[in-house]
Amino acid sequence: MSRRRPPAARRGAAVNACCRLDWRSRGICSRDAGVLLRENLKTLRHTILREDAVFEKVWTKSSRSPIAYGYGRIYFENYRCCYTSLQARPRLLYELPKRARSEKIEDVLICTCPLDQPGQRSSLLALTADNWLYRLCQDTGGQLQRVCLSAQHKFRYLGWDVPQERFYIKSIQHKPGRQGINRDGTVLYLAAFLAFPLKLVGVLEISSAAFGKTVVDAILSQGVLAVSHSSSCVKLYSFESILDTFRTQELVLGEPCTWNAARCVVGEPPLGIPVNIKVDAPPLALFEVNYLDNYIDCGVQIGGHPWHYIYAPKNKKHRGSYHVCSLRSGHLAKNGVQDMNCRSLESDWIYFHPDDSGRIIHVGPSTINVLKILNDGGGDAQSEVALDFAIKAPRTQNDASAVTVTSSGRTVRRRVQQLDDDPEQETFKSVEYEDELDLLAVVDITHVEEEGKANVRLHDNQNGALMKTVPLLESWDVTSSQDLFFDRDTIVHIEQEKNSNFCCHVYKIRSMHAEDQ
């Protein structure tokens with residue numbers, strides 16, 4: 001007998017949480033783990049958005065050092081102490097022994113184990129000051145693996161090339177020829193690894209001889225090597241093509257190799273990992289663009305369907321705007337000039353939507369535009385940037401005015417243009433996307449008696465409709481560092497206090513109806 005869907009589901013009618021739980025208990029619509037997870041998340045979203053459900057502050061903890069959050073874990077004391085936020089109240093998960101200053105953790109990445117690799121374990125990748133890479137168990141902090149990187153090059157930064165698949169470790173940057181340092185023109189090194197299982201891809205040398213005298217920085221992103229120049233120019237190269245052309249030998253962690261006529265073990269002291277990707281000739285650039293220096297952190301952003309890029313032009317005519325262009329043709333999209341036309345102390349920001357829809361999020365002081373890219377013709381046909389939906393801050397339209405009286409007694413009214421991010425007005429400060437609930441968490445700030453008050457507004461990711469507003473109990477100082485994370489049924493707010501300490505506030509969903517019973 002074939003399994004039939006419940007009548008309400010067949011009709012496409014709204015289904016409440018009780019029905020979903022009843023279906024789950026009877027095995028309906030839960031033939032595999034993926035379907036069951038989706039049904040559970042629908043139930044959680046419905047529960048969170050109910051009118052009688054509120055977010056309640058359940059935990060607060062201060063620290064003298066910065067606090068970090070990721071995937072249900074709160075890290076204190078430079079990742080030495082880890083708390084889990086998955087329970088009703090955060091609790092201590094593990095505490096690592098104190099490290100010497102020369103062995104302190106410089107940077108970390110959180111690796112979540114993919115579902116298709118059950119033999120692997122979620123872990124914390126930690127880069128230490130003495131050039132070691134540690135893979136630590138996410139639940140216990142125990143050491144799973146460690147790799148000696150180099151005795152010659154100082155590595156300091158971790159970053160994702162392909163999230164949860166391939167990452168890179170970047171060394172400190174050198175200025176070629178400065179005071180006789182770095183005479184060979186090497187600017188930095190990039191060490192690339194696969195995350196699951198931990199496997200070396202190679203160590204790449206970025207030099208002025210191969211990439212140009214003005215090269216200052218480089219990163220890996222989505223299989224592309226992005227090289228920045230002091231002339232506010234960025235050039236993109238295929239990392240796979242560089243591997244095929246310039247990798248001198250494949251190296252395996254823990255296995256012996258020959259380096260400068262000497263035998264060594266890859267990833268072990270004293271030598272660590274040899275440089276096995278040496279670019280000795282200028283590679284072919286896929287793409288090049290000039291951008292406004294320091295206007296977008298990474299200079300150029302790439303994304304969308306089909307591929308597009310966003311940058312801030314250098315010329316004064318378009319200063320303050322962003323351009324959206326086709327990556328294939330380089331042509332500006334129709335309506336591709338995005339300008340908030342706002343008067344504010346802080347600039348607006350723009351980025352590709354993290355939900356992989358190919359959309360763009362443009363955030364200003366009082367407006368959030370979610371844009372979509374249209375390309376019905378395909379191929380080289382000009383694409384178009386159109387508004388999908390907009391989120392507006394509730395503001396009054398009254399302009400401020402000042403009144404002055406002349407010596408003759410005549411009253412003169414002078415119009416004053418108020419800034420769009422004026423403290424007296426509701427202003428957007430942060431946008432966080434919760435992928436499992438398909439909600440946008442927008443932080444808006446208003447000032448009451450010289451104190452910033454924050455609300456977390458939950459908007460539907462598909463149409464921008466306001467679904468719920470969560471007031472934060474603590475104040476929000478716009479002059480200090482503030483971070484907000486929305487993760488399923490949890491809101492985490494990390495702030496830097498006026499005394500330079502850091503504080504973490506955790507909110508959990510609670511049903512008023514259940515408490516009354």
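Please read all numbers here as calculations on a predicted model, not as lab measurements.

Another aspect to go through is the overall build of the chain. Secondary structure summary: the chain contains six helices and 37 strands in total. Expressed as a percentage of the 517 residues in the chain, the buried residues total 46%.

Before going further, it helps to spend a moment on the sheet that holds strand S31 (residues 427-434). In spatial order, the strands read S31-S32-S33-S34; together these four strands make up an open sheet with antiparallel pairing. Each end of this open sheet is capped by a strand with a single partner; those strands are S31 and strand S34 (466-475). The sheet shows a mean angle of 25 degrees between the axes of neighbouring strands, taken without regard to direction.

Our next topic: helix H5 (residues 239-246). The complete set of buried residues in H5 reads Phe239, Ile242, Leu243 and Phe246. Projected onto a plane normal to the axis of H5, the buried residues spread over an arc of 105 degrees and lie on a single side. The exposed residues of H5 that point more than 90 degrees off its buried face are Asp244 and Thr245.

What follows concerns unusual backbone geometry. Geometrically, the link from Phe196 to Pro197 is a cis peptide bond, its omega value of -15 degrees lying close to zero. Relative to the helices and strands, Pro197 resides in the loop between strand S12 (186-194) and strand S13 (199-207). Cis geometry is adopted by the peptide bond preceding Pro306, which originates at His305 and carries an omega value of -5 degrees. Its identity as a non-glycine residue notwithstanding, Ser500 has a phi of 75 degrees, on the positive side. Among the secondary structure elements, Ser500 is positioned in the loop between strand S36 (490-496) and strand S37 (502-511).

Another point: the sheet that holds S36. Strand order in the open sheet made by the four strands is S1-S37-S36-S35, with antiparallel pairing throughout. For this open sheet the edge positions go to strand S1 (53-63) and strand S35 (482-487), each flanked by a neighbour on one side alone. Mean inter-strand twist for the sheet, computed between neighbouring axes without regard to direction, equals 15 degrees.

A few words on the pattern of salt bridges. Evaluation of the coordinates by the stated rule reveals 21 salt bridges. Across the salt bridge formed by Arg73 and Asp139, the nearest N and O atoms sit 2.6 Å from each other. One end of the pair, Arg73, is in strand S3 (residues 73-76); the other, Asp139, is in the loop between strand S8 (132-137) and strand S9 (143-148), and 66 residues separate them in sequence. By relative accessible area, Asp139 is classed as partly exposed at 43%. Glu106 serves as the salt-bridge partner of Lys154, at 3.5 Å between the closest nitrogen and oxygen. One end of the pair, Lys154, is in the loop between S9 and strand S10 (155-162); the other, Glu106, is in strand S6 (residues 105-111), with 48 residues separating them in the sequence. Residue Glu106 is classed as partly exposed on the basis of its relative accessible area of 28%.

Moving on, we come to the confidence of the model for the chain. Mean pLDDT over the chain stands at 85; residues scoring 70 or higher make up 81%. Counting interchain partners and residues more than four positions distant, the pLDDT-below-50 stretch residues 1-12 has eleven contacts. Below a pLDDT of 50 lies the segment residues 294-298, which in the model reaches ten contacts outside its immediate sequence neighbourhood of four places, other chains included.

Counting 27 residues, the largest nonpolar core has Leu133, Leu149, Phe167, Ile169, Phe193, Leu253 and Ile273 as the members making the most contacts within it. Counting only elements with at least two residues in this core, the list comes to S6, strand S7 (123-128), S10, strand S11 (166-171), S12, S13 and strand S17 (256-259). At three residues, the largest contribution of residues to this core is made by S12.

Once that is clear, we can look at the environment of Tyr71. With respect to the helices and strands, the residue Tyr71 is situated in the loop between strand S2 (68-70) and S3. Taking the C-alpha atoms as reference points, Tyr71 and Thr112, separated by 41 residues in sequence, lie 8.2 Å from one another. If we skip the residues at most four places from it in the chain, Tyr71 touches Ile110, Thr112, Gln138, Gln164 and Asp487. A distance of 3.4 Å separates polar atoms of two side chains, one belonging to Tyr71 and the other to Gln164.

With that settled, the discussion passes to the pairing of S35. Of the two faces of S35, only one is covered, namely that formed by Gln482, Leu484 and Phe486; the face formed by Asp483, Phe485 and Asp487 stays uncovered. With six bridges connecting them, S35 and S36 associate as antiparallel partners. From the neighbouring strand, Phe486 faces S36, where its bridge partner is Ile491.

All right, on to the environment of Thr60 then. With respect to the helices and strands, the residue Thr60 is situated in strand S1. Given a relative accessible area of 42%, Thr60 falls into the partly exposed group. Separated by 445 residues in the primary sequence, Thr60 and His505 place their C-alpha atoms 4.6 Å from one another. A distance of 3.5 Å separates the side chain of Thr60 from the side chain of His505, its partner in a polar contact.

As a further point, take the state of the cysteines. In total, this model carries zero disulfides according to the counting rule given. Looking at Cys81, it has no disulfide partner, and the nearest cysteine sulfur is the one in Cys82, 9.0 Å off. You can see Cys257 has no disulfide; the closest cysteine sulfur is in Cys264, sitting 3.5 Å from it.

You can call Arg73 buried: its relative accessible area is 7%. Within polar-contact distance, the side chain of Arg73 engages the backbone oxygen of Gln138 at 3.5 Å. The residues touching Arg73, leaving out its near neighbours within four places in the chain, are Ala68, Cys82, Tyr83, Thr84, Ser85, Leu86, Leu93, Gln138 and Asp139.

What counts and how
Residues numbered from 1 in each chain as written. Predicted model: local features only at pLDDT ≥ 70, side-chain atom pairs only at ≥ 80, totals over all residues. Heavy atoms only, no water. Helix = DSSP H or I, 4+ residues; strand = E, 2+ residues; numbered from the N terminus. Buried < 20%, exposed > 50% of the residue type's maximum accessible area, 1.4 Å probe, protein only. Pairing = 2+ DSSP bridges. Axes fitted to C-alpha atoms, helices over the stretch in contact; angles between N-to-C directions. Arc of directions from axis to C-beta. Salt bridge = Lys/Arg side-chain N within 4 Å of Asp/Glu carboxyl O. pLDDT = per-residue confidence, 0-100. Contact = heavy atoms within 4.5 Å. Core = buried A, V, L, I, M, F, W, Y, C linked by side-chain atoms within 4.5 Å. Polar contact = N/O pair within 3.5 Å; in protein donor to acceptor, adjacent residues only side chain to side chain. Disulfide = S-S within 2.5 Å.

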